[in-house]
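Letter by letter, the chains look like this.
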Amino acid sequence: MAAITLTINNELIGARQGQTILEVARERGIDIPTLCHLDGLEEVGGCRLCLVELQGSPRPVPSCVTRAAEGMEITTHSDKLIEYRKMLVELLLAERTHTCSICVQNGNCELQTLAARLGIDHVRFDYLHQQLPMDASRERFALDHNRCVLCLRCVRVCDAVEGAHTWDVRGRGSTSRIVADLDRPWGGSTSCTDCGKCVQLCPTGALFRKGATVGEMIKERGFLNRILERRRLAAQRRPA
Ligand code: FES
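Reading the values: rules and limits
- Residues numbered from 1 in each chain as written.
- Predicted model: local features only at pLDDT ≥ 70, side-chain atom pairs only at ≥ 80, totals over all residues.
- Heavy atoms only, no water.
- Salt bridge = Lys/Arg side-chain N within 4 Å of Asp/Glu carboxyl O.
- Helix = DSSP H or I, 4+ residues; strand = E, 2+ residues; numbered from the N terminus.
- Buried < 20%, exposed > 50% of the residue type's maximum accessible area, 1.4 Å probe, protein only.
- Domains from an automatic or database assignment.
- Contact = heavy atoms within 4.5 Å.
- Buried area = accessible area lost by both parts, 1.4 Å probe.
- Nonpolar A, V, L, I, M, F, W, Y, C, P; charged D, E, K, R; others polar.
- Phe/Tyr/Trp six-rings, centres within 6.5 Å; stacked < 30°, edge-to-face > 60°.
- Polar contact = N/O pair within 3.5 Å; in protein donor to acceptor, adjacent residues only side chain to side chain.
- 1 Å grid on protein atoms, 1.4 Å probe; cavity = no way out; pocket = protein on both sides within 12 Å on 5 of 7 lines; lining within 4 Å.
- Points joined across faces, edges and corners; volume = space filled by probe spheres on them.
- Pairing = 2+ DSSP bridges.
- Axes fitted to C-alpha atoms, helices over the stretch in contact; angles between N-to-C directions.

Some points on the pattern of salt bridges
Per the counting criterion, the structure on display carries 13 salt bridges. Linking arginine 221 and glutamate 110 is a salt bridge whose minimum nitrogen-to-oxygen distance equals 3.0 Å. Of the two residues, arginine 221 sits in the loop between β10 (207-209) and α6 (222-237) while glutamate 110 sits in helix α3 (residues 110-117), which places them 111 residues apart along the sequence. On the basis of relative accessibility, which here comes to 23%, the residue glutamate 110 falls in the partly exposed class. For arginine 138, the salt bridge identified is with aspartate 194, shortest N-O distance 3.0 Å. A residue pair is termed long-range when its members are at least 10 positions apart, and arginine 138 in the loop between β6 (134-135) and β7 (141-144) and aspartate 194 in the loop between β9 (177-180) and α5 (197-201) qualify at 56 residues. Overlapping salt bridges bring together Glu83, Glu90 and Arg124 as one network.

Section: the domain arrangement of the protein chain
Assigned domains within the protein chain: domain 1 (3-77) and domain 2 (84-223). Distance from the C-alpha centre of domain 1 to the C-alpha centre of domain 2: 26 Å. Tallying the contact residues gives 21 residues for domain 1 and 18 residues for domain 2. Both sides of the domain 1 and domain 2 interface together cover about 1,500 Å² of buried area, and 67% of this is carbon and sulfur. A per-residue breakdown of the area domain 1 buries against domain 2 is headed by Leu35, Leu41 and Leu49, which together make up 41% of the total. The tally of links between domain 1 and domain 2 comes to 1 salt bridge. Close ionic contact of aspartate 31 with arginine 117 constitutes a salt bridge, the shortest N to O distance being 3.2 Å. Of the residues in the side of domain 1 that touches domain 2, the class split is 13 nonpolar, 4 polar and 4 charged.

Things to note about the packing of aromatic side chains
Summed over all chains, the structure comprises 2 aromatic pairs. On the basis of an interplanar angle of 20 degrees and a centroid distance of 6.2 Å, the ring pair of phenylalanine 141 and tryptophan 186 is categorised as stacked. Within this pair, whereas phenylalanine 141 is found in strand β7, its partner tryptophan 186 is found in the loop between β9 and α5, the two being separated by 45 residues in sequence. Both residues of the pair, phenylalanine 141 and tryptophan 186, belong to the buried class. An aromatic cluster is defined as three or more aromatic residues linked by ring pairs; in this entry it consists of Phe141, Trp167 and Trp186.

Considerations on the side chain of serine 176
Positionally, serine 176 belongs in the loop between β8 (167-170) and β9. In this structure serine 176 comes out as buried when scored by relative accessible area, which is 7%. Engagement of the side chain of serine 176 in a polar contact is seen with the backbone oxygen of glycine 173, the distance being 2.8 Å. When neighbours within four sequence positions are excluded, serine 176 is seen to be in contact with Arg96, Leu150, Val169, Arg170 and Gly171.

With respect to empty space enclosed by the protein
If you walk through the whole model with that rule in mind, you get 2 cavities of 30 Å³ or more. As a volume, the largest cavity reaches approximately 80 Å³. Around the largest cavity, the lining is made up of 13 residues, and of these Cys148, Cys154, Ile178, Cys202 and Leu207 lie nearest the centre. Residues that form the lining of the largest cavity fall into these classes: 12 nonpolar, no polar and 1 charged. Forming the boundary of the second largest cavity are 13 residues, of which Cys158, Trp167, Cys192, Cys195 and Cys198 lie nearest the centre.

Here we look at the sheet that holds strand β3 (residues 51-54)
Sheet architecture is open: 5 strands sit in the order β2-β1-β5-β3-β4, paired in mixed fashion. Edge positions in the sheet fall to β2 (11-16) and β4 (61-62), since each of these pairs with one other strand and no more. Of the strand pairs in this sheet, β3 and strand β5 (residues 73-75) are connected by 2 bridges, and their pairing is antiparallel. Residue pairing for β5: glutamate 53 is matched across the bridge by threonine 75. Relative to the sheet, helix α2 (residues 79-95) contacts β3 and β5, its axis offset from that of β3 by approximately 155 degrees.

Below is the structure:
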């Protein structure tokens, strides 16, 4: 794989052609926040938390879906980017109902961790106060739409790793919802294998194990890490 050279935060860095900016940065220990990205899953570039500034580009670019190229000059942590990231997390918090104190994933939630890292102690936008339904029709697992950030990890892992393609997205914008089997109660899904992969990769308390109460839902990805790592390495070997 051809080698390229680019600059990240004024440091000259070598990379392999085909790598994304995010991959290059993380290999160098530069911590760009992400939410929809997960090593080993196809990128969707949906959350925009990984935005970076690229010299010559009129707007920031999502580093998880932008390939590194020879001579690029990238900034990962300017004041403007930090402000964008704060705003994005605040918008997510305002759109649905993320009341951490009564959430099964309180203390283990990626959205909560991001908000804390970004120093978010209040939300500047009006809350939509949506009261969305909970689908508890499946025997072992449940889906609380109020906690969903539409990162689509569940859709992607079910499709690409489990091969069941139970999940999809219905609607647009703030009316978007994750749906099972083209919009039927999860309990009635005939494609779902109950493998639990979607539950373990969900960054928030949207997908959880029944019986878990406040703060008890700790996602266990051990059984998935090897699979995702193999997929990540295979993707790296594919020609750009
Ligand atoms: S991590 Fe890049 S857009 Fe979500």
